[in-house]
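Listed below are the residues making up each chain.
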Amino acid sequence: MTKKLTGVFLVLLGLFATGTAAVAAPPPSGSTDPVGNDVSWPQCGKTLPSGPAFAIVGVTGGLANNTNPCLAEQLAWAGKSSTGGSSQPKVALYVNTANPGHEGSWWPSSNTYANVTVSNPYGTCGSGGGGAGPVDLPCSYMYGYAKAYDDATIRGITNPGTYFWWLDVETGNSWQTGTSNATALNRATLEGMATYFKGITAGKTDSAGKAAGVGIYSTGSQWGTIAGTVPPGSPLAGLPSWLAGAKTLRGAKSNCSLPGLTPGSSVTVTQYVAAGLDYDYACG
């Protein structure tokens, strides 16, 4: 499923005798279920729900290196409309992720970004000649770190350290494939992003006292294809999981019992699609 890349779509629950498709229903008005919504560029200009328990707003616009053109207005909607009636933060954020290598518009050439020299667990990113570095573990880590830095500092987020940030990991974005170390390269990028967000959110909370931090959005299948098996010592291990793939609220509730995406991870949010919108269930 590539909801963040292709936009929302209608979930088919069955066919009437006439051949007309039935559409999944959103939670009924006044429902006590802790259901929220996630929105981003596909919802630009559309009427957004009122009174979700929580909201998750896309910071990027479908790619890891751009900005959601409706970010400001959607953040305003989230802050005003969300009730905060769940275990999740009233307003959280998500960002697109990728590892395009040299096919992207930019690739790192050193361990320094925005005048900060990053402690790189994989060693030194660099070509030795001033150009883009190789598509290796050190430079993949730096690419992720740089994209996370940009998400927090240049896209219009105020007090970025007080938010919970979700990494949107989907096969529709650009990833390394076809080599024996492809998943390791992709993991390194995600580790760079996770490390940056961990650094800015450590010990911080939002105005309601909900903990800031970082987690992973994906499905088990997409995650396995992109990132493979995560070692227990990885910065990705133990991060909360937000699972896509359910077709109904009942299915989303059931998915709370699935394994998390990384070692030590628990599923804290699940998603289903109804009436052209993404709905999210707060587990537990």
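Just above, that's the structure.
Residues numbered from 1 in each chain as written. Predicted model: local features only at pLDDT ≥ 70, side-chain atom pairs only at ≥ 80, totals over all residues. Heavy atoms only, no water.

A. Up close: the side chain of Glu 191. Its place among the elements puts Glu 191 in helix 4 (residues 182-201). For the buried Glu 191, no salt bridge exists, and the shortest N-O distance to an oppositely charged side chain is 5.0 Å, to Arg 187. With residues up to four places along the chain from it excluded, the contact list for Glu 191 reads Tyr 122, Tyr 141, Ser 234, Pro 235 and Leu 236. (Helix = DSSP H or I, 4+ residues; strand = E, 2+ residues; numbered from the N terminus. Buried < 20%, exposed > 50% of the residue type's maximum accessible area, 1.4 Å probe, protein only. Lys, Arg positive; Asp, Glu negative; His and termini not counted. Salt bridge = Lys/Arg side-chain N within 4 Å of Asp/Glu carboxyl O. Contact = heavy atoms within 4.5 Å.)

B. Molecular detail of the packing of aromatic side chains. One pass over the structure, following the stated rule, counts 14 aromatic pairs. Ring centres of Trp 165 and Phe 197 lie 4.5 Å apart, and the angle between their planes is 20°; on these two criteria the pair is classed as stacked. Residue Trp 165 is located in strand 8 (residues 164-168), and its partner Phe 197 is located in helix 4; the two are separated by 32 residues in the primary sequence. For Trp 165, a relative accessible area of 0% corresponds to the buried category. With 5.8 Å between their ring centres and 70° between their planes, Tyr 196 and Phe 197 make a pair best called edge-to-face. Side by side, Tyr 196 and Phe 197 carry an identical accessibility label, which is buried. Each residue in the set Trp 106, Trp 107, Tyr 113, Tyr 143, Tyr 145, Tyr 149, Trp 165, Tyr 196 and Phe 197 is aromatic and connected to the rest through ring pairs, giving one cluster. (Phe/Tyr/Trp six-rings, centres within 6.5 Å; stacked < 30°, edge-to-face > 60°.)

C. Looking closely at the side chain of Asp 280. One can find Asp 280 in strand 12 (residues 277-282). A polar atom in the side chain of Asp 280 sits 3.0 Å from the backbone nitrogen of Asp 38. Once residues lying within four places of it in the same chain are set aside, the contact partners of Asp 280 are Pro 34, Val 35, Gly 36, Asn 37, Asp 38, Phe 54, Ile 56, Trp 242, Val 269, Thr 270 and Gln 271. (Polar contact = N/O pair within 3.5 Å; in protein donor to acceptor, adjacent residues only side chain to side chain.)

D. The arrangement of the state of the cysteines in detail. Counting across every chain of the model gives three disulfides. The disulfide bridge from Cys 256 ends at Cys 283, spanning 2.0 Å between sulfur atoms. In this structure the cystine formed by Cys 256 and Cys 283 twists about its S-S bond by roughly -80°; its chirality is therefore left-handed. In this pair, Cys 256 is assigned in the loop between helix 6 (249-255) and strand 11 (267-274) and Cys 283 in the segment after strand 12, connecting sequence segments 27 residues apart. Sequence-ordered numbering of the bonded cysteines in the protein yields a pairing of 1-2, 3-4, 5-6. (Disulfide = S-S within 2.5 Å.)

E. Seen up close, the pattern of salt bridges. Applying the stated criterion across every chain yields a total of three salt bridges. With a shortest N-O distance of 3.5 Å, Asp 150 and Lys 147 are connected by a salt bridge. With Asp 150 and Lys 147 both in helix 3 (residues 137-153) and three residues apart, this pair spans about one turn of that helix. For the salt bridge of Arg 155 with Asp 151, the shortest nitrogen-to-oxygen distance reads 2.8 Å. The pair formed by Arg 155 and Asp 151 is uniform in burial state, with each residue classed as buried.

F. Up close: the packing of helix 3 against helix 4. Remark: helix 3 packs on helix 4, axes separated minimally by 7 Å, with the N-to-C direction vectors making an angle of 40°. Between helix 3 and helix 4, the interaxial angle falls into the category oblique. Seen along the crossing, helix 3 lies across helix 4 with a hand that is right-handed. Every residue of helix 4 that contacts helix 3 at Leu 137, Ser 140, Tyr 141, Tyr 143, Gly 144, Tyr 145, Lys 147, Ala 148, Tyr 149, Asp 151, Ala 152 and Thr 153 is listed here: Ala 184, Leu 185, Ala 188, Thr 189, Glu 191, Gly 192, Met 193, Thr 195, Tyr 196, Phe 197 and Ile 200. Class assignment of the residues belonging to the contact of helix 3 with helix 4 gives a composition of 14 nonpolar, six polar and three charged. (Axes fitted to C-alpha atoms, helices over the stretch in contact; angles between N-to-C directions. Parallel < 35°, antiparallel > 145°, perpendicular 65-115°, else oblique. Left-handed = near helix turned anticlockwise from the far one by under 90°. Nonpolar A, V, L, I, M, F, W, Y, C, P; charged D, E, K, R; others polar.)

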